[in-house]
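What the coordinates show
Listed below are the residues making up each chain.
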Amino acid sequence: MLVILSIGGSILAKELKPDSFLAYAAALKELSSEHDVIVVTGGGVAARDYISVARSTGSNEVECDYIGIDITRLNAKLLISALGDAAYNAVPHDYKEAEKALSSGKIIVMGGVIPGQTTDAVSAILTEYLNADLLVIATAVDGVYSADPREDPNAAKYETMTAKELVNTVMTTEMKAGSKSPVDPLAAKIIERCEFETIVMDGSNPQDVLEVVIQEGNTTDRKSSIRLGTRIIG
Ligand code: UTP
């Protein structure tokens, strides 16, 4: 199957150390022996820091978004470096370039594409465009909660939720460059519009992501809840 995997920069480049890139590279190589994979990397703390400085020095939100996109692409380059020969050796700058790269048979890694969204939206649009079988959003929380679990102790996790519920949950998120949310509102709307199989999960351990994707590839029952995440159902 074709899997689109969005890896948050907060996971991949939390401290900008080689280990997390190498650990993800190892899991991705394993995954690619059975499935076609396109990875979309986020910008993480570096993107937020650069955006914050740019905003303070006078950049408008679109200019800040372009800076964020640059950082997501730098993280993509680091993951390509860690993947070595297993990776397509360039970062596609849009959806059509990613489509062309698919014929290489290699793991494709890209970052952001246009201002006004995050890499969650890139991965959702890519999933629809390429008719991919599964979208996995690997992030810093173990699924979608009724509120931010880092701020609200009463926040409850959804085991499964409809795309419409996802939209309602994330719609209150601020749309500024560098904003935080488990899934960005545009991505949620795309998931609602296109009704593809989506999992939002804790991506801290790449082996957990690998396990979930392999399980999804092997099962015909996609109604059940999954470990360390939330399943979005149409
Ligand atoms: P991210 O996708 O990393 O945002 O893009 P995020 O939600 O902060 O994700 P984590 O922390 O990595 O999990 C970083 C910033 O880059 C810009 C936006 O400003 C976004 O907040 N960006 C990214 C775009 O404008 N367009 C894109 O296609 C991607």
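In what follows, the accompanying structure is described.

Quick notes on the rules
Residues numbered from 1 in each chain as written. Predicted model: local features only at pLDDT ≥ 70, side-chain atom pairs only at ≥ 80, totals over all residues. Heavy atoms only, no water. Salt bridge = Lys/Arg side-chain N within 4 Å of Asp/Glu carboxyl O. Helix = DSSP H or I, 4+ residues; strand = E, 2+ residues; numbered from the N terminus. Buried < 20%, exposed > 50% of the residue type's maximum accessible area, 1.4 Å probe, protein only. Near = heavy atom within 4 Å. Polar contact = N/O pair within 3.5 Å; in protein donor to acceptor, adjacent residues only side chain to side chain. Areas by Shrake-Rupley, 256 points an atom, 1.4 Å probe, with all protein chains shown as cover. Pairing = 2+ DSSP bridges. Axes fitted to C-alpha atoms, helices over the stretch in contact; angles between N-to-C directions.

**With respect to the pattern of salt bridges**
Two side chains bearing opposite charge may form a pair once their charged atoms approach each other closely. A complete count under the given rule lists 7 salt bridges for this structure. When the shortest N-O distance is used, the salt bridge between Arg 231 and Glu 197 registers 2.6 Å. One end of the pair, Arg 231, is in strand S7 (residues 229-233); the other, Glu 197, is in the loop between helix H8 (185-194) and strand S6 (198-202), and 34 residues separate them in sequence. Across the salt bridge formed by Arg 231 and Glu 216, the nearest N and O atoms sit 3.1 Å from each other. With Arg 231 in strand S7 and Glu 216 in helix H9 (residues 206-218), this residue pair connects regions lying 15 residues apart in the sequence. Here the two residues Arg 231 and Glu 216 agree in accessibility, since each one is buried.

**Observations regarding the site of the ligand**
Close contacts around the ligand come from 24 residues, with Gly 9, Gly 43, Asp 65, Ile 114 and Thr 119 the closest. Between the ligand and Asp 65, the relevant distance is 2.6 Å, taken from an oxygen atom to a side-chain nitrogen or oxygen of the residue. Between a nitrogen atom of the ligand and a main-chain N or O atom of Ile 114, the distance comes to 2.6 Å. Here the ligand has 580 Å² of accessible area as a free molecule, and 95% of this is covered by the chains. For the shell around the ligand, the secondary-structure elements that each account for two or more residues are helix H1 (9-12), helix H3 (44-56), helix H4 (61-83) and helix H6 (119-129). Among the elements that make up the shell around the ligand, the one with the highest residue count is H4 (4 residues).

**Focus: the sheet that holds strand S2 (residues 36-41)**
Pairing within the open sheet is mixed, and its 7 strands lie in the order S3-S2-S1-S4-S6-S7-S5. The open sheet has two edge strands, strand S3 (108-110) and strand S5 (160-162), and neither has a second partner. Between one strand and the next, the sheet's axes are offset by a mean angle of 20°, whatever the strand orientation. Here 3 bridges tie S2 to S3, and the two strands are oriented parallel to one another. Opposite Ile 38, over in S3, you have Ile 108 as the bridge partner.

By themselves, these figures tell us nothing about what the structure is for.
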